[in-house]
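Each chain, written out:
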Amino acid sequence: MNRALLTLMKLRLRGAGRKVVRTMKRPKGALLVLLSVGLLTLLVLPSVLVRGRAELQVENAWFLDAEALFGLWLLMVVIGRGANAMVFTLPEVEFLFPGPFSRRELLAYKLALGTLAPLGTAAMMVLFLGRFSLWWPALALGVWMAFAFMQNTSLLLRLIGSWIVNLPAGWRRWLVAAAVGLLAVALWQARPAFAPELTWTDRLAIVESTWPARAALAPFEVFSRLLQTHAGAELATWFAVALAMNAAVVVLILWSDANFLEASLAASQKRYELLQRARRGGGMPSIGLRSKPRLSLPRFPRLGGAGPVAWRQALDLLRNSARLLFVLPAVIAMGAPAVMAGPHGLTVSVIVLTFFVSFLISTVMPLGLRADLHHVEALKALPVRPALVVCGSIAAAVLYPTIVQIAVLLLLTAISGQWPLASTLSACFVLPLNLLLVSIDSVLVLLYPSTRHVTAGDPLAGARMMLVYMVKYLYLLLAAIVPGLWIVAVNLAMGDSSDAIGVMAAGAWMAMFVEGALTVWLASWLFARFDPSLEDAVER
Amino acid sequence: MIQVVDFHKTYRDLAAVAGLSFEVAAGSVLGLVGPNGAGKTTTLRTLSGIIPPTRGRLIVAGFDVVAEPVPAKRRLAYVPDDPRLFDALTVWEHLEFVASAYDVGDFEGKAEASLELFELTEKRDTIAQELSRGMRQKVAVACAYLHDPQVILFDEPLTGLDPHGIRTLKASIRQRAAAGAAIIVSSHLLSLVEDLCSDLLILRKGQSLFLGPVAEARARFSALGQDATLEEVFFRALEEQGP
């Protein structure tokens, strides 16, 4: 590889290390590192404690099978991990593309990063999944080789795609016809699997026995064997085969030398815009759901200034993630019949699915003040009291998941034809639950100002993100104490009659709402004292 | 030093640049002006090898940027309109990397001088994430100058610079041109173009409306008189070509 590109890799590694050291020098940073180490220990402990029973655990390790690895690879191809491999950061575009580097050298640089990155994944896998492996070196090498292969083949497919796009139309037609023909042959081979009396397990077994499926699974069989090996000689053999396969893919990529720069530039620019939008608070970069900015909302009443703030965030959510309002209920509707037919029945399914929506939305989308982090200076400059700014920012963020949840409940009713008590209770409690989630997240972002999405080159970003989730859900547990005590007290005094349930629900709802309001007050107090100039995590 | 012949760049149905041809001799400074979407940045990015042309030849210091990209790039420097630096790297590490990329031996002296010129000496060990917009611009220019390029492409170079930075950058551009570099400055600041450039290229919708020395532009639009400002010339050129 080019010497300058190696220098760049070394400098960036040094920069990442320096960032950790600098973070640790600040009290908040040191606390973050300490908490991260503690969290990691807690997560790793189960692996260490059950090491003695490895053989029992290995039987459950279905995810080390070739089929599971193939499924993961397919997912990586579909969600565009190959494109990710081609995506250069904007500094890379601006320094490397006009720099004196050949396309092959730039590809080699990306390949080196793509091959080294799974080493981190392998280390994490050994820590977390050690109990599912008979021998940790096999697990580490297997994960490294498998992920590198998936990443590189995914990139190769993208490069082949770029090459095909640039072919003359006649050639393209022939290639499409060949692909369709191959698919038809594969389907023809698998036709016994379509017999109506078969179970899904039988169908899968039939498909796996066809030669196209065996050919597709063959490379992943190598990694599966490597992952599950427990002897030195066997390990050496399978590792050599895996390494040769990876080397072959790398050679193919470098040989193809496709002119990827423009496609990569477009992908890099798109990624940058998605990240910027995520940092501004809209959109879901991970799944790219975005609608055209044509949707609008009538202006909200001023309400001392809270109205316009809420209107702006509601508009942002609507324009950036409106499709989520339709897609998420639709996805849930598709899975709901299977869940409701399961052992837990309709009541539990209703509760689980509704609260899952809260969890999902608050996980994938920055809401409330986290979404407004990059507008905080503009918000503080508004002639509006800080408490009202915070109320406005939080109100829209609470209403958004609430509307999605109500839609989910209505869909479940339409599917099951029933409206159980659980639906009524869920419909009542989603509002205070969302209030608690968004308000505590706003408090946390004012204490640790950072957007949720991982920043490139920030090794502590992942730890920070995990800590935010942990603290948030710990807070929810604490917040459940008062409503829980109330429910227990009413149950002891009145039993579980329908009147008692009403009293329980009303009291618990009030308690949660008051707790949420107090958290909003805390966020307002912090917002009034927040100094954006002191917070270097607020990226400009 | 720079030669562009029948350059086209098309994005699906949109022709960003259509049949553009021009030359920039060593020691000349070409001002590239035009309304938004005229194709200025596309031209600079193609010349710098970031994006390929749809058609045409682009020669930098005798090398075709498509056929011989590496020798061409070795002789050019591109300063984008909003330079993005590597967040975790210090100012000095950026220079260190560029020196390594362009194989600049014994770069320390040059790098120190560049830092001093742009008042960056105190920021030498500051990480890029902590730099202001203007500082990032200065770092990008310092990196661009490090390998003494024969061709320098500036896209809106004054954005974010303080008055001292503006004066230093202008002086350095004049100095580089006097030393034989061919320079293209793309800018909406017509006063900057008037102040710095020997030649002018007015672009609109990817096509050239005028190409030639600045004085010739005044003569071409003689109705405005010889004292006409470049701003007046620019608007007259756009008006004459219609909507």
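Just above, that's the structure.
None of these values were measured; they are calculated from a predicted model.

Quick notes on the rules
- Residues numbered from 1 in each chain as written.
- Chains lettered and ligands numbered in written order.
- Predicted model: local features only at pLDDT ≥ 70, side-chain atom pairs only at ≥ 80, totals over all residues.
- Helix = DSSP H or I, 4+ residues; strand = E, 2+ residues; numbered from the N terminus.
- Buried ≥ 20, exposed ≤ 12 C-beta atoms within 10 Å, placed from the backbone.
- Contact = placed C-beta atoms within 7 Å.
- Pairing = 2+ DSSP bridges.
- Axes fitted to C-alpha atoms, helices over the stretch in contact; angles between N-to-C directions.
- Parallel < 35°, antiparallel > 145°, perpendicular 65-115°, else oblique.
- Left-handed = near helix turned anticlockwise from the far one by under 90°.
- Nonpolar A, V, L, I, M, F, W, Y, C, P; charged D, E, K, R; others polar.
- Expected span 1.5 Å × (residues − 1).
- Bend = angle between axes of the 7 residues up to and from the residue.
- Core = buried A, V, L, I, M, F, W, Y, C linked by C-beta atoms within 7 Å.

Asker: Quick one: what's the story with the overall build of chain B, residue by residue and with numbers?
Answerer: Across its full length, chain B carries 9 helices and 10 strands. The buried share of chain B, reckoned over its 243 residues, is 47%. Sequence-distant contacts in chain B: of pairs separated by 6 or more residues, those separated by 24 or more amount to 66%.

Asker: Explain the overall build of chain A to me, and be specific about the residues and the numbers.
Answerer: Counting its secondary structure elements, chain A contains 22 helices and 0 strands. For chain A, the residues scored as buried account for 33% of the 540 residues in total. Sequence-distant contacts, at least 24 apart, represent 80% of the contacts inside chain A between residues at least 6 apart.

Asker: Describe the sheet that holds strand S4 (residues 55-60) of chain B, with residues and values.
Answerer: Residues and elements named next belong to chain B. Spatial ordering of the open sheet is given by S2-S1-S4-S5, a layout of 4 strands whose pairing is antiparallel. What marks the edges here is a single partner per strand, and that holds for strand S2 (14-24) and strand S5 (63-64). Sheet topology note: the strand S1 (residues 2-11)/S4 ladder contains 5 bridges and is antiparallel. Counted as the bridge partner of His8 is Arg55 from S4.

Asker: Give a description of the pairing of S4(B) that names residues and reports values.
Answerer: Within a regular strand, the side chains alternate between the two sheet faces. All names here are of chain B. Bridging between S4 and S5 involves 2 bridges; their strand directions are antiparallel. Bridge assignment links Val60 to a residue of S5, and that residue is Phe63. Here S4 hands over to S5 after 2 residues, with Ala61 in that stretch at a positive phi of 50°.

Asker: Tell me about the sheet that holds strand S6 (residues 76-79) of chain B, and please be specific about residues and values.
Answerer: All names here are of chain B. Here we have 6 strands laid out as an open sheet, ordered S6-S7-S8-S3-S9-S10, and mixed in their pairing. A single partner strand is all that each edge strand has here, and the edge strands are S6 and strand S10 (207-213). Averaged over neighbouring strand pairs, the angle between their axes works out to 15° when direction is ignored. With 6 bridges connecting them, strand S9 (residues 199-204) and S10 associate as antiparallel partners. Across the sheet, Arg204 pairs through a bridge with Gln207, a residue of S10.

Asker: How would you summarise unusual backbone geometry if you had to cite specific residues and measurements?
Answerer: Residues and elements named next belong to chain B. A positive phi angle, close to 50°, is found at Asp6, a residue other than glycine. Secondary-structure assignment places Asp6 in strand S1. Not every positive phi belongs to a glycine, and Glu119 is a case in point at roughly 55°. You can see Glu119 is positioned in the loop between helix H4 (108-117) and helix H5 (133-145).

Asker: I'd love a proper account of the packing of helix H21 (residues 481-494) of chain A against helix H22 (residues 498-529) of chain A, names of residues and values included.
Answerer: Describing two packed helices takes the angle between their axes plus the distance from one axis to the other. All names here are of chain A. Their axes nearest at 9 Å, the elements H21 and H22 cross at an angle of 160°. On the basis of the axis angle, H21 is roughly antiparallel to H22. Remark: the crossing between H21 and H22 carries right-handed chirality. On H22, the residues touching Val482, Pro483, Trp486, Ile487, Val490, Asn491 and Met494 of H21 are Asp499, Ala500, Val503, Met504, Gly507, Ala508, Ala511, Met512 and Glu515.

Asker: A description of the interface of chain B and chain A should follow, citing residues and the corresponding values.
Answerer: Across the contact, 26 residues belong to chain B and 25 residues belong to chain A. Counted by class, the side of chain B that touches chain A contains 16 nonpolar, 3 polar and 7 charged residues.

Asker: So, helix H3 (residues 91-101) of chain B: which residues are in play, and what are the values?
Answerer: In terms of residue burial, H3(B) counts as a mostly covered element, since 9 of its 11 residues are buried. Within the span of H3(B), buried status applies to Val91(B), Glu93(B), His94(B), Leu95(B), Glu96(B), Phe97(B), Val98(B), Ala99(B) and Ala101(B). Buried residues along H3(B) sit against helix H1 (3-25) of chain A together with H4 and H5 of chain B. Following H3(B) by one or two positions, Asp103(B) has its phi on the positive side, about 55°.

Asker: Outline the environment of Glu156(B), supporting the account with residue identities and numerical values.
Answerer: All names here are of chain B. Locating Glu156 in the fold gives a position in the loop between strand S7 (151-155) and helix H6 (163-178). A residue is classified by how many C-beta atoms lie within 10 Å of it, and Glu156, with 19 of them, is partly exposed. On a C-alpha basis, the gap between Glu156 and Val185 in space is 7.2 Å, while along the polypeptide they are 29 residues apart. Ignoring sequence-local partners within four residues, the contact set of Glu156 consists of Asp81, Ser186 and Ser187.

Asker: An account of the environment of Asp82(B) is needed here, citing residue identities and associated values.
Answerer: Counting through the fold element by element, Asp82(B) comes out in the loop between S6 and H3. Sequence separation between Asp82(B) and Gln137(B) is 55 residues, and the spatial gap between their C-alpha atoms is 7.3 Å.

Asker: Provide a residue-level description of helix H19 (residues 421-447) of chain A, including the pertinent values.
Answerer: Residues and elements named next belong to chain A. Counted at 1.5 Å a residue, the expected span for H19 with its 27 residues is 39 Å, and the 39 Å between its end C-alpha atoms agrees. The axis of H19 is deflected most strongly, by about 35°, at Phe429, and proline Pro432 appears within four residues downstream. Most of H19 sits inside the fold, with 20 of its 27 residues counted as buried.

Asker: Explain the nonpolar core residue by residue, including any values.
Answerer: Core analysis: the biggest nonpolar cluster contains 121 residues, and Phe223(A), Ala142(B), Leu153(B) and Ile184(B) have the highest contact counts within it. Considering every element that reaches this core, the biggest residue donor is helix H8 (residues 136-165) of chain A, with 14 residues. With near-sequence residues (within four places) excluded, Ala142(B) lies in contact with Leu95(B), Ser114(B), Leu115(B), Phe118(B) and Leu120(B). Within the second largest apolar cluster, 54 residues are counted, among which are Leu317(A), Ala371(A), Leu433(A) and Leu444(A).

Asker: Please provide a residue-by-residue account of the packing of H19(A) against H22(A), values included.
Answerer: All names here are of chain A. Axis separation between H19 and H22 bottoms out at 9 Å; the angle between their running directions is 20°. In terms of orientation, H19 lies roughly parallel with respect to H22. Crossing of H19 against H22: the hand is left-handed.

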